[in-house]
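A closer look at the structure
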Amino acid sequence: MTGFTSAGEFLDGRTPTVRPSQASLDAARGMLIIACGDDTHEWPLDQIRAVPDQAGQDILVLRRADDPVERLILPDRALLSSLPKPYKRVRAVDGWRILRWASAALCSVALIIFVLVPVMADQLARFIPPEGERALGEVTLEQIRAALDETGMRPIPECRHPEGRAVLDSMIARLTRNSDPLPEITVHVLDHELVNAFALPGGHVVLFEGLIDTAERPEELAAVIAHEIGHVVSRDPTRHALRSAGSIGVLGLIFGDFAGGALVLFLAERLIDAHYSQDAEAAADAFAQEMLIRAEVRPDALADMFERFRAMGGDAEGIVAHFMAHPTLGDRIENARGATPPGFPETRLMNEDDWQTLRRICR
Amino acid sequence: MPPAACTTARGARITTRPFGHIGLTQDTPSENLPGPWSRARGLDHEEAAPRPAPAPGFGERLTGDDPDVLRTSFIGRRLRLFWLVLKSGFLTVLTLGIYRFWMKTRIRRWFWSAIRPGGHPLEYVGDPFEKLLGFLFAVVILAFYIGIVNLLLMFVSFAVLNGNVAAYILSFVGVIPLWFFAQYRARRYVLARTRWRGLRFGLEPGAWGYAFRALGYWALTLLSGGLLWPLMTFRLEQYKSDRTFFGAARLRQGGRWTMLYGAMKPLFLGAGLGLAAAGMIALGFAGWGSTIALCAGLTLFYGLFHYRVESLKRLTATKRLAGARLELQARPWRILWITVFGYGLTALALLVPMVAIGIALSAMLGESVMTLSPQDLSLNDLGGAVLIALSLMLYFGVFLMWSAASHALVTVPTLQHYASGLVIRGAESLNGVHQRARDAHTEAEGFADALDVGASL
Ligand SMILES: [Zn+2]
């Protein structure tokens, strides 16, 4: 396109005066010559950039990559095709600087989520009074009930069939009868097919109906409850709740509103898959074995339950995180098998009728 | 504008009238219009064909006869913006939110360039990398604050107050001053990256001063039951205006706060009707009472728009910039209509992703009932994964559609209405203004972005 020439308006970026000018293309020298009264400006073509994302496609606003303020406004967009790099980025920020700050941000977030928040949560968890813990647990339970509901209409219901409930209560009474003094324990059954159980702050233990269906003997169910009571006693859920309060806020900050919205929802659901440390799980297992022995139940019921989870494989969604995913599940099974003292009397927790009543607690 | 016309190569004298076309007709191709810019595109034959002498008047239609009075036009097609928002929103989702800095920059460039006071577009020169940097900067500072403060608040509310509500209220109250601070900082960044006719705008530092004043005036407004609202509106606007620059020229907010009471008339009327309705209901006339209550509600709803638009008009009319005066013509009813109708249409637009996903979902469910047996665990898992994918798609689809449609159907017409009513009188005096230095503003609007400070633009 030789011989391009066009009227234009030149803005020198020193005053707001709009200076009418004549722009012409000097293809041989690769220059755009902007004649404006007494001054002439020469813009190298490869330095000319079109100001992007313009709403009005009737005009063309041009700038120099190496000058922040000068602008040339042309009345049509014909020149665009003669510019070699009209949309190449104009560098405004040093890449290394971004990299430095990005690593600083990453470090500070990692430090906060993995060190500061856990340490503070562990310290603070000791000082929450029991009433505070119970309130925290109740709020979390409501959130989980609402999060698990698929219809979006109402939280999933708790199962309160009176006869089944009575059997469950007497089973818990038998479990805790001979143990050391415990915080107040409340066992909830949720009407949901997940094969899962978890503990919440303030002594709330939550069982899903799917777990009761999967257990083949009352002793297996009792073993899971005893394991969760073990978490309650060592205050694992309280620490976990405090940690996630800190971490979720930070993650929401990083991912912004809309990707972040989904992420926070996702994390809220993950709350129930409490990932405790291996030590915490081992301690809860040990507590459960002790509790079962004192209640005259063979502690290898826990091993039976673990094996059932393992056999369920991929279908045991909720339980995966809690029991299955641990690489040490085999060890834990073996440990529970070995916990039975020789000559331990085999006593049943309840008769078959009561067990069937308990299994109908949601109906 | 000064008669600083220069003589072109051909000797044709070009007037200093800027190009651009008048207001509301969107996307009119300029080559059809007569005027200095109506030259044909046959550039190859440039030398051979004598160019028609530029007819004066193209720019005049915008500026009028008087170069001292500049009117503002708004040029831009909604559909283009719709696609821009949809496309960049999609990229934002794909990049887990990182592209949002580019999205924001591109949308702002579009809106800024659509507004042409005196025929010359505003330019937004903010840079996405700069925003990314500002965001990282804010993360370093705020991650600490948010992580630790959230944790402490949760602890305090459960240890001392036994409730979660207290934590929410506390963390909300704790963030309010920071929110005003971030709002001012974001305004400073945006103004520093806005140009018109080559000159930078600017805002002096003063974010904490703004935050404390905002807190104080909000408290006064709430304590006075809304009677001192005009005081808050005026003083906060004055604080911002008096620190705003165009080039080296400082903007000045004149007038008095009491001048805004006129804008509150419909709100007072609505409040009066509300009292009357409460009285009627108390006296046992429930039927009449509820009718009047409905009227009161509608009047108050309109009153909010009326106050917003009328106070903006009054505040604009009393601003001065280097001898130039501003004037804003806008109609509350028009803004009310745009908002109600625009959001109504946007809600309808949401049906598109919902119906699409709904069809996909029902097709999938129908198929799984027919072909998958419950024992077939792997296939069931596959179904579950597809289900999760579909619900994620629904979530993002609705979100994308909402932001694209509300930009195109609410923000564009609102801005168009305000922009085309903006007049600069005494514009000749602006020619004496000089450029201001660049405001580096390292943190950009990182705090505002991290704290999600309202503004959609
Ligand atoms: Zn466990």
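Below, the structure is looked at part by part.

Rules used throughout
- Residues numbered from 1 in each chain as written.
- Chains lettered and ligands numbered in written order.
- Predicted model: local features only at pLDDT ≥ 70, side-chain atom pairs only at ≥ 80, totals over all residues.
- Heavy atoms only, no water.
- Buried < 20%, exposed > 50% of the residue type's maximum accessible area, 1.4 Å probe, protein only.
- Helix = DSSP H or I, 4+ residues; strand = E, 2+ residues; numbered from the N terminus.
- Pairing = 2+ DSSP bridges.
- Phe/Tyr/Trp six-rings, centres within 6.5 Å; stacked < 30°, edge-to-face > 60°.
- Lys NZ or Arg CZ within 6 Å of the ring centre and 35° of its normal.
- Patch = residues over 30% accessible without salt bridge, like charges linked within 9 Å, V, L, I, M, F, W, Y side chains within 5 Å.
- Areas by Shrake-Rupley, 256 points an atom, 1.4 Å probe, with all protein chains shown as cover.
- Salt bridge = Lys/Arg side-chain N within 4 Å of Asp/Glu carboxyl O.
- Axes fitted to C-alpha atoms, helices over the stretch in contact; angles between N-to-C directions.
- Parallel < 35°, antiparallel > 145°, perpendicular 65-115°, else oblique.
- Contact = heavy atoms within 4.5 Å.
- Nonpolar A, V, L, I, M, F, W, Y, C, P; charged D, E, K, R; others polar.
- Core = buried A, V, L, I, M, F, W, Y, C linked by side-chain atoms within 4.5 Å.

Residues and elements named next belong to chain B. Within strand S1 (residues 69-74), five of the six residues are buried, which leaves it mostly tucked inside the rest of the structure. As judged from the three bridges shared by S1 and strand S10 (residues 422-425), these two strands associate in the antiparallel manner. Along S10, the bridge assignment pairs Leu-70 with Ile-424.

All names here are of chain A. Most of strand S10 (residues 204-208) sits inside the fold, with five of its five residues counted as buried. Residues His-204, Val-206 and Phe-208 of S10 are buried on one face, and the alternating residues Val-205 and Leu-207, pointing to the opposite face, are buried as well. Taken together, the five bridges between strand S8 (residues 186-190) and S10 define a ladder with parallel strand orientation. Looking across to S10, one finds that Val-187 is bridged to Val-205. Bridge count for strand S9 (residues 197-200) against S10 is four bridges, and the pairing is antiparallel. Bridging across to S10, Ala-197 finds its partner in Leu-207.

Residues and elements named next belong to chain B. Scanning all chains against the criterion turns up 25 aromatic pairs over all chains. Grouping aromatic residues by their ring pairs yields a cluster made of Trp-179, Phe-180, Tyr-184, Tyr-210 and Tyr-239. In this structure, Arg-100 packs its charged tip against the face of Phe-135, placed 4.8 Å from the ring centre. Sitting above the plane of the Trp-196 ring, Arg-197 keeps its charged end 4.7 Å from the centroid.

Another aspect to go through is a nonpolar patch on the surface. Together, Trp-337, Phe-341, Leu-345, Leu-348, Leu-351, Met-354, Val-355 and Ile-359 of chain B make up an exposed nonpolar region whose accessible area comes to about 760 Å². Relative to the elements of secondary structure, Leu-351 of chain B occurs in helix H10 (residues 332-371).

Residue and element names in this part refer to chain B. Put simply, helix H6 (residues 207-223) and helix H7 (residues 229-241) touch, their axes get as near as 9 Å, and they point 170° apart. Overall, the two elements H6 and H7 adopt an arrangement that is roughly antiparallel. Residues Gly-209, Tyr-210, Arg-213, Ala-214, Tyr-217, Trp-218, Leu-220 and Thr-221 of H6 pack against Trp-229, Leu-231, Met-232, Arg-235, Leu-236, Tyr-239 and Lys-240 of H7. Residue classes in the contact of H6 with H7 are distributed as 10 nonpolar, two polar and three charged.

A word on the nonpolar core. Counting 68 residues, the largest nonpolar core has Trp-110, Trp-196, Phe-246 and Leu-430 of chain B as the members making the most contacts within it. Looking at this core, the element that brings in the most residues is helix H5 (residues 164-192) of chain B, giving nine residues. Among residues more than four places away in sequence, those in contact with Trp-196 of chain B are Leu-70, Pro-117, His-120, Pro-121, Leu-122, Phe-201, Phe-246, Ile-424 and Leu-430 of chain B. Counting residues in hydrophobic clusters, the runner-up holds 44 residues, among them Ala-215, Ile-225, Ile-229 and Phe-309 of chain A.

With that out of the way, let us pick up the sheet that holds strand S3 (residues 31-36) of chain A. Residue and element names in this part refer to chain A. A sheet is described by the order of its strands in space; here seven strands give the open sequence S4-S3-S2-S1-S7-S6-S5, paired in antiparallel fashion. Of all strands in the sheet, those bounded by a partner on one side alone are strand S4 (39-44) and strand S5 (48-50). The sheet shows a mean angle of 35° between the axes of neighbouring strands, direction not considered. With five bridges connecting them, strand S6 (residues 60-64) and strand S7 (residues 67-74) associate as antiparallel partners. In the sheet register, Arg-63 faces S7, and the bridge partner there is Arg-71.

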